[in-house]
Structure formats: structure tokens, C-alpha cells
Amino acid sequence: MEQRHRDQFREGLIGWFVENRREMPWRSPEASLKRDPYHVWVSEVMLQQTRVDQVRPYFERFVEAFPTIRDLAEAELDAVLKCWEGLGYYTRARNLHTSASLIVKEFGGSMPDDEASLRSLPGIGAYTAAAVLSIAFNKPLAVLDGNVIRVLSRVFGIEQDVRSSATRRALQSVADSLLDRKRPGLFNEALMELGATICTPRNPRCTACPLSSECFAFAADRMSDFPVAAKRKPTPHYEIAVGVVTDSRGCVLIQKRPQQAMLGGLWEFPGGKREADETLRETCRRELEEELGIDIEVGDEIARIKHAYSHFSITLAAFDCSLVSGKPAHHTGQEIRWIHIENLAEFAFPRASQKVIEVLVANANVVVGGTPHENIVAP
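Nothing here was measured: the structure is a model prediction, and the numbers come from that model. (Residues numbered from 1 in each chain as written. Predicted model: local features only at pLDDT ≥ 70, side-chain atom pairs only at ≥ 80, totals over all residues. Heavy atoms only, no water.)

*Asks:* Break down the overall build of the chain for me, citing the residues and quoting the values.
*Replies:* Across its full length, the chain holds 14 helices and eight strands. Projected onto its principal axes, the C-alpha coordinates of the chain cover approximately 80 × 50 × 35 Å. Within the chain, the proportion of its 379 residues that are buried is 47%. Within the structure as shown, the chain displays about 18,700 Å² of accessible surface, and the carbon and sulfur contribution to it stands at 49%. (Helix = DSSP H or I, 4+ residues; strand = E, 2+ residues; numbered from the N terminus. Buried < 20%, exposed > 50% of the residue type's maximum accessible area, 1.4 Å probe, protein only. Areas by Shrake-Rupley, 256 points an atom, 1.4 Å probe, with all protein chains shown as cover.)

What follows is the structure, encoded as C-alpha cells:
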């Protein structure tokens with residue numbers, strides 16, 4: 001692209017953004033105002049693989065609970081995970097918490113403004129570093145996310161698989177060459193906003209696009225052909241059985257997932273994957289015996305929940321169970337507790353488990369009355 005076309009590209013894009021940008025709680029009232037690096041960082045992490053409309057209330061609640069990096073660093077991880085509960089991809093929350101502690105320890109509580117330092121923090125890769133540094137510090141780094149990839153693929157007619165490393169490198173070079181180096185943050189936000197609101201995956205609004213005159217896909221009427229991506233492999237599906245084990249006090253047995261595991265640090269009902277030629281009831285009994293060393297009586301099925309993660313999906317069956325014998329103790333040393341049903345909301349659970357809790361709370365036969373007393377750590 002010739003220099004005059006690059007200039008037209010930048011001016012048209014930024015001019016469109018200033019007039020049409022969406023109001024968001026992490027943005028300044030005016031596009032030209034300086035942004036809080038902490039707010040930019042939190043919002044960019046939350047927006048990874050999550051829609052803007054989902055992120056808004058979480059962002060507001062998060063920065064209210066943890067107004068500064070230092071507040072986040074000093075918070076308990078359980079409190080951070082509870083505040084994040086329902087947003088998914090919980091590694092993001094754990095990395096934010098860990099990074100906040102490192103920023104306080106190594107950078108005096110202020111977000112570092114150079115790429116090497118920022119990328120030394122857990123969870124901050126090339127995209128997040130470029131977004132934070134360009135938007136908050138006006139550093140000339142071009143972002144490359146899904147929205148940007150889609151826009152550039154259509155404008156320049158990129159016929160190669162965008163999931164390949166070589167194509168990603170080529171697209172990064174294109175983004176670098178187009179970047180407005182005087183207004184990098186504004187340019188990056190504009191390009192991402194265009195992909196999110198105009199150059200959408202389906203039914204793009206090309207007649208409203210400031211780049212339509214430069215766009216290969218629009219000129220060729222091939223918008224749906226881009227970006228080119230190889231088909232993904234079918235996602236596996238697993239059947240899970242968990243036991244809602246209650247006792248005479250109206251307490252439910254829960255366990256904490258290992259910090260380094262998927263959904264690490266969250267609480268869950270004990271259970272696991274169904275094995276071949278095994279009923280879900282048999283799975284429930286076997287898993288609790290193997291994990292906790294207890295014998296249970298498996299009663300009625302309380303709920304059956306379908307849930308999809310990024311790389312697999314599950315059907316989770318929850319059973320009403322009672323303890324027959326044994327004292328629960330997890331074989332790997334995971335923390336376990338007996339918790340009153342009405343107090344389960346104080347703990348952070350994965351979404352599928354939250355749905356089970358909703359059924360429990362709504363079921364009058366399960367909710368136990370009486371005077372509440374302190375939750376008890378299982379021996």
C-alpha cells in the first residue's frame with residue numbers, strides 16, 4: 001500500500017472511530033484523554049474470548065472491589081475468583097492476581113511502561129502488551145486480535161490460513177506498517193472496534209465501513225470467504241457425575257480444585273468422568289470412593305447440566321447423596337469443606353456447578369431450615 005493510501009486508511013479509520021466509538025466503563029469520556037493503565041489492563045484481560053456486553057458488569061464490579069493494583073495484590077485469591085465467578089477462563093483472574101503482586105514487588109505498584117517488563121508478567125503476551133502500552137502509554141505497538149485479523153484479511157484479501165504462524169506473522173507486519181505511530185492507541189482501538197461492530201464475522205455492514213473503498217473482499221463480493229481458516233477438529237464431549245453429599249446439619253460437601261488445574265482455585269462438588277460401560281450413578285459412587293475414601297448412597301438425580309468450554313463440552317449429572325461410612329479426605333490433599341446450602345453463594349464455583357446450586361436453592365426438599373452456624377472444615 002502506498003503512503004497516501006496508508007494515510008487515507010488511518011485518517012478514515014480514526015475519524016470513524018471518534019464519531020462512532022461505543023461508551024465503555026474502561027474508556028475515557030473523550031477519545032483523546034489519557035487512560036488508566038490498570039483499567040486498560042483489566043479490561044483487555046477480561047475481553048479475551050469474552051463479549052463486551054458480558055464484560056461490562058464484571059469490570060465495574062472488579063475495579064470497585066479492587067480499585068488499584070495494590071488493592072488487587074493484597075486481596076485473597078478466593079475473593080478475586082469470587083468476583084470473577086461466571087466470566088470463565090479463570091486462569092486470567094489468577095494471572096491478574098499474581099501479576100499485581102509482582103507489579104507491587106518489582107515495579108512499586110505502577111504498571112511498567114516497557115514491553116519487556118510487561119511481558120515478564122504471567123498472562124501478558126504480545127497482544128495484551130501491545131494493547132496496554134499503546135492505549136495507556138501511547139507506545140507505537142500494533143495489536144493483532146481476532147477482530148483485527150478479520151478486518152485485515154478482508155481488506156487485503158489474505159488467502160492463507162490465519163491460524164498458521166506464518167500468516168499471523170505476515171498479518172502482524174501488515175498491522176505494523178499501517179499503525180499510526182503518533183496515535184497508536186487510538187488506531188488500535190479503532191481497528192478493533194471496526195471488527196467488533198462493522199466488519200463482523202457474519203453479515204458485515206460494509207456500506208457503513210470507512211475502509212470499504214480499500215477493501216478487496218467488498219470489491220469482489222467475497223466477504224464471507226475471509227478470513228480463511230482450516231476446519232477445527234470436533235470437540236470432545238464428556239459425561240460427568242458429581243455427588244451432592246449432605247449431612248444431618250444441612251451441610252454439603254465441596255472440594256477445592258488444584259490451583260494449577262483448569263478452573264484452579266474454584267470449588268466444586270466431588271465427582272468425575274464416566275468410564276466405559278458404567279452408569280452415571282456408578283461413576284458417582286466410584287469417584288467419591290476413589291477421591292475421598294467414602295462410601296455413599298446415591299439417590300435421585302438433582303440436575304443434568306450441559307456446558308461447553310473452549311476445547312470440549314460436558315454433560316454434568318448431579319446426584320443427591322448421603323454418607324454411609326468413612327471420613328472424607330481427598331487423596332491428593334485438596335481442601336474439602338462441609339458448607340451450609342444457604343452459604344454456598346459465598347464460594348466461587350464453575351458455571352456448571354452454579355447451575356446445580358441454583359437447583360438446590362430452588363428445591364424446597366433440599367434446602368434445610370433452622371439456625372445457621374459456622375461452616376465446618378472437613379477433617
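*Asks:* Break down the environment of R27 for me, citing the residues and quoting the values.
*Replies:* Summarising the element assignment, R27 is placed in the loop between α1 (3–20) and α2 (37–47). R27 gets classed as buried once you look at its relative accessible area, which sits at 12%. On a C-alpha basis, the gap between R27 and Q259 in space is 32 Å, while along the polypeptide they are 232 residues apart. Setting aside residues no more than four positions away along its own chain, R27 makes contact with F17, R21, R22, R35, E189 and E193. At 3.1 Å, the side chain of R27 forms a polar contact with the side chain of E189. (Contact = heavy atoms within 4.5 Å. Polar contact = N/O pair within 3.5 Å; in protein donor to acceptor, adjacent residues only side chain to side chain.)

*Asks:* Can you tell me about the packing of aromatic side chains, naming the residues and giving the values?
*Replies:* One pair of aromatic rings is described through two measures. These are the centre distance and the angle between the planes. For the structure shown, the criterion picks out 10 aromatic pairs. Just above the ring of Y58 sits the side chain of R61; from NZ or CZ to the centre is 4.7 Å. Sitting over the ring of Y238, K273 keeps its end group 4.1 Å from the ring centre. (Phe/Tyr/Trp six-rings, centres within 6.5 Å; stacked < 30°, edge-to-face > 60°. Lys NZ or Arg CZ within 6 Å of the ring centre and 35° of its normal.)

*Asks:* Account for the packing of helix α3 (residues 52–65) against helix α5 (residues 77–84), with residues named and values stated.
*Replies:* In contact at an axis separation of 9 Å, α3 and α5 are set at 155° when each is read in the N-to-C sense. Classed by the angle they form, the pair α3 and α5 counts as roughly antiparallel. Remark: the crossing between α3 and α5 carries right-handed chirality. Packed against α3, whose contacting residues are Y58, R61, F62 and A65, the element α5 presents V80, C83 and W84 at the interface. (Axes fitted to C-alpha atoms, helices over the stretch in contact; angles between N-to-C directions. Parallel < 35°, antiparallel > 145°, perpendicular 65-115°, else oblique. Left-handed = near helix turned anticlockwise from the far one by under 90°.)

*Asks:* Run through unusual backbone geometry, naming residues and quoting values.
*Replies:* F226 connects to P227 through a cis peptide bond whose omega is -5°. Of note, the phi angle at L263 is positive, near 60°, even though the residue is not glycine. Note that L263 resides in the loop between β2 (251–256) and β3 (267–268). Given a relative accessible area of 13%, L263 falls into the buried group. Unlike most non-glycine residues, D277 shows phi in positive territory, near 60°. Here D277 shows up in the loop between β4 (271–273) and α13 (280–292). Residue class for D277 comes out exposed when judged on its relative accessible area of 81%.

*Asks:* Quick one: what's the story with the pattern of salt bridges, residue by residue and with numbers?
*Replies:* If you walk through the whole model with that rule in mind, you get 23 salt bridges. Between E11 and R183 there is a salt bridge, and its shortest N-O distance comes to 2.9 Å. Residue E11 is found in helix α1, and its partner R183 is found in the loop between α10 (165–178) and α11 (184–197); the two are separated by 172 residues along the sequence. The shortest N-O distance in the salt bridge between E278 and R286 comes to 2.6 Å. Here E278 and R286 have matching classes, each one buried. Each of R22, R27, R35, E189 and E193 takes part in salt bridges that share partners, so that together they form one network. (Salt bridge = Lys/Arg side-chain N within 4 Å of Asp/Glu carboxyl O.)

*Asks:* Summarise the nonpolar core; cite the residues concerned and give the values.
*Replies:* Membership of the largest hydrophobic core comes to 79 residues, with the highest contact counts inside it found for W41, M46, F62 and W84. Excluding residues that lie within four positions of it along the chain, F62 makes contacts with Y38, V42, M46, L72, V80, C83, W84 and L96. Counting residues in each nonpolar core, the second largest holds 23 residues, with V244, V252, I339 and I341 among its members. (Core = buried A, V, L, I, M, F, W, Y, C linked by side-chain atoms within 4.5 Å.)

Distances and angles like these do not, on their own, reveal function.
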